[in-house]
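A structural walkthrough
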Amino acid sequence: MGSSIAHNGRTGFGSLRPGGLNFQNFPMKMFFKGNTKFWNPADVDFSQDREDFAAMSEDEQYMTLALGAQFLAGEESVTQDLQPFASAMASEGRLGDEMFLTQFMFEEAKHVVGFRRFFDAIGHSGTDLHQYFENSAAYQQIFYTELPKSLYALETDPSPANQIRASVTYNHVVEGCLALTGYFAWAQMCESRGILPGMQTLIKRIGDDERRHMAWGTFTCRRHVAADDSNWDVVDERMQELMTPALGVIVNLFEHFEGRDVPFGISIDEMTDYALDKLNRRMESIESARGVDPAGIDLDYSPDDLEEQFHVEDQAAIADSVSRRRDAA
C-alpha cells in the first residue's frame, strides 16, 4: 500500500505509519496548547458594554464601531480564506499541521461570533457596518484582494513559495500587523477608562488564540527558509509588497478625526510604531532560520516563545500607558 494522505487521493493514513504522530513537533505542541485554552463566545457577557457604549461621545462611538467592524470583517474573511492552507499541508504529508489548522479555523469562527455578539449587544444588530471601511482602499486591497488571492493560490500550487506568500499575507500582515495592533488599541481603550468589560474578555481570549496562530506562521516561514535559502527573498519581497496598504489601513482609521482629538487618546504614531516593531522582530526570527538544519526546525519552539514575550511586553506597556493617561487626567 502507498502512503499518500493527500485530499481526494488517499492511499494510506498518516496516523497509521510507523511512529504515528510526532507529539513533540511544533504544530502538535500548538494544537495541545490550544486545547487547554478552549472558550465559548456565548459565555462573554456584553450587558455592561451596552451601557458603556451608550455613555460614549459621538466620536468615541465612531471609533468603537469602526475598529469593531474592521475586526469582524477581518475575522470572517480569514475564516473563509484559510481552508486552502490545510490542503497545502496535506500535499506535504504534514498531518500535524493539518490538525492544528482545523483548530485554527475553528477559533477564527469563534472570533466572528464574539464580535457579532458585541455589535448585537450594543444595539447595532440592524446597522450595515460596511460603512466603516468602504472608503478605505487599503483595507479593501488587503481583505478583498491580497488575502483571498494568496490563500486560494494554494489550491492549484501549494509550493513553498506560495505557502510563504500566504503566510506572510495572513499571519504576518493581517494578524501580526493589523489584528494584534488593533488588539493593543482595544486594550488601551478599555482599560484606560475601565469600560467594555465584555470586550476586554473577548480580546483576552482572542489574543490567546492569535499568539499561537502567529507562532505557527513564523514557524512555517522558518522551515521553508531553512530548507531553501532563496525562500528568504520570497518572505522579504511579499512583506515589502504589503507594508504600504497595511499601514494605510491603520492611517485610514484616524482620518475621520482629522482636525480634532482622537478618541481615547489613541496615537497613530504609537499604533504604527507598535506594528512595525513586532513585524521587524518576527522577520528577524524568520531570517535567523537561514542556514539552519531543517531537521531541527520542527522541534524549535522559539516562535511561540517570541509571541509569549510580546504578550508580557504588551501587558507592561498597556499598564504604563493607562497609568500615564490617568495621571494626566
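All residue numbers refer to position in the chain's written sequence, counted from 1. With the structure being a predicted model, the display of local features is reserved for residues of pLDDT at least 70 and the display and counting of side-chain atom pairs for 80 or more, all residues being used for whole-chain, interface and lining totals. With hydrogens and water excluded, all non-hydrogen atoms of the structure serve as input to the side-chain values.

Quick notes on the state of the cysteines
Put simply, the test is: Pairs of cysteine sulfur atoms within 2.5 Å are identified as disulfides in what follows. Each residue gets one of three labels from its accessible area relative to the maximum for its type: buried under 20%, exposed over 50%, partly exposed in between, using a 1.4 Å probe on protein chains only.
This structure, assessed with the given rule, holds zero disulfides. Distance from the sulfur of Cys177, which forms no disulfide, to the nearest cysteine sulfur (Cys221) is 15 Å. Judged by its relative accessible area of 0%, Cys221 is buried.

Focus: the confidence of the model for the protein
To keep it simple, the criterion reads: Residue-level confidence of the predictor is summarised by pLDDT, bounded by 0 at the bottom and 100 at the top. Helix and strand assignments follow DSSP, with helices taken as H or I runs no shorter than four residues and strands as E runs no shorter than two, numbered in order from the N terminus.
For the protein, per-residue confidence averages 92 on the pLDDT scale, and 96% of positions sit at 70 or higher. Per-element mean pLDDT across the protein ranges from 83 in helix H11 (residues 302–328) up to 98 in helix H2 (residues 47–54).

Section: helix H4 (residues 83–92)
Short version of the rule: A contact between two residues is defined here by any heavy atoms of the two lying within 4.5 Å.
Among the residues making up H4, those that are buried are Pro84, Phe85, Ala86, Ala88, Met89 and Ala90. Against the buried residues of H4 lie helix H3 (58–81), helix H5 (95–121), helix H6 (137–152), helix H7 (160–193) and helix H8 (197–227).

Things to note about the packing of aromatic side chains
Going by this rule: Classification of ring pairs rests on two measures: the distance between centres of Phe, Tyr or Trp rings, Trp counted by its six-membered ring, which must be within 6.5 Å, and the angle between planes, read as stacked under 30 degrees, edge-to-face over 60 and tilted in between. Either the NZ atom of lysine or the CZ atom of arginine qualifies as a charge over a ring when it sits within 6 Å of the ring centre and within 35 degrees of the ring normal.
Scanning the model with the defined rule gives 20 aromatic pairs in all. Centre to centre, the rings of Phe184 and Tyr274 are 4.3 Å apart; their planes meet at 10°, and the pair counts as stacked. Linking Phe184 in helix H7 with Tyr274 in helix H10 (residues 268–287), this pair joins segments that are 90 residues apart in sequence. The exposure class of Phe184 is buried, given its relative accessible area of 6%. A relative accessible area of 9% means that Tyr274 is categorised as buried. Joined through ring pairs, the aromatic side chains of Phe85, Phe100, Phe104, Tyr170 and Trp216 make up one cluster. When the ring centre of Phe38 is taken as reference, the NZ or CZ atom of Lys110 above it lies at 4.3 Å.

Concerning the side chain of Ser167
Put simply, the test is: For this analysis, a polar contact is any N or O atom pair within 3.5 Å, provided that within protein one partner can donate a hydrogen and the other can accept it, and provided that sequence-adjacent residues contribute only side-chain to side-chain pairs.
On the secondary structure map, Ser167 appears in helix H7. Here the side chain of Ser167 touches Gly217 through a polar contact of 3.3 Å, landing on its backbone oxygen. Once residues lying within four places of it in the same chain are set aside, the contact partners of Ser167 are Phe85, His172, Gly217 and Cys221.

Things to note about unusual backbone geometry
Despite not being glycine, Leu196 has its phi angle at roughly 50°, a positive value. If you trace the backbone, Leu196 turns up in the loop between H7 and H8. Given a relative accessible area of 0%, Leu196 falls into the buried group. Positive phi is not limited to glycine here, since Phe264 has a value of about 65°. In this fold, Phe264 is placed in the loop between helix H9 (231–255) and H10.

Some words on the pattern of salt bridges
We apply this condition: For this document, the term salt bridge refers to a Lys or Arg side-chain nitrogen within 4 Å of an Asp or Glu carboxyl oxygen.
All told, the structure shown has 23 salt bridges when counted by the stated rule. In this structure, the salt-bridge partner of Asp229 is Arg290, at a minimum N-O distance of 2.8 Å. One end of the pair, Asp229, is in the loop between H8 and H9; the other, Arg290, is in the loop between H10 and H11, and 61 residues separate them in sequence. According to the relative accessible area criterion, Asp229 is partly exposed, its value standing at 36%. A residue is classified by how much of its surface remains accessible, and Arg290, at 35% relative accessible area, is partly exposed. Glu241 is the salt-bridge partner of Arg238, the closest N and O atoms lying 2.9 Å from each other. Within this pair, Arg238 and its partner Glu241 are both found in helix H9, separated by three residues, close to a single helical turn. With relative accessibility at 42%, the residue Glu241 sits in the partly exposed group.

A look at the packing of H9 against H10
Which entries qualify depends on this criterion: Convention adopted: a line fitted to C-alpha atoms gives each axis, helices being fitted over their contacting stretch, and angles between N-to-C directions are expressed from 0 to 180 degrees. With respect to orientation, any angle under 35 degrees is reported as roughly parallel, any angle over 145 as roughly antiparallel, any angle of 65 to 115 as roughly perpendicular, and every other angle as oblique. Rotating anticlockwise by less than a right angle from the far helix to the near helix defines a left-handed crossing, while the corresponding clockwise rotation defines a right-handed one. Three residue categories are used. Nonpolar comprises Ala, Val, Leu, Ile, Met, Phe, Trp, Tyr, Cys and Pro, charged comprises Asp, Glu, Lys and Arg, and polar comprises the others, including Gly.
In the contact formed by H9 and H10, the axes pass within 11 Å of each other and the chain directions differ by 165°. Between H9 and H10, the angle is such that the two are roughly antiparallel. For the pair H9 and H10, the sense of crossing is right-handed. Where H9 abuts H10, its residues Trp232, Val235, Asp236, Met239, Met243, Leu247, Ile250, Val251 and Phe254 lie against Ile268, Met271, Thr272, Ala275, Leu276, Leu279, Met283, Ile286 and Glu287. Residues of the contact of H9 with H10, tallied by class, amount to 15 nonpolar, one polar and two charged.

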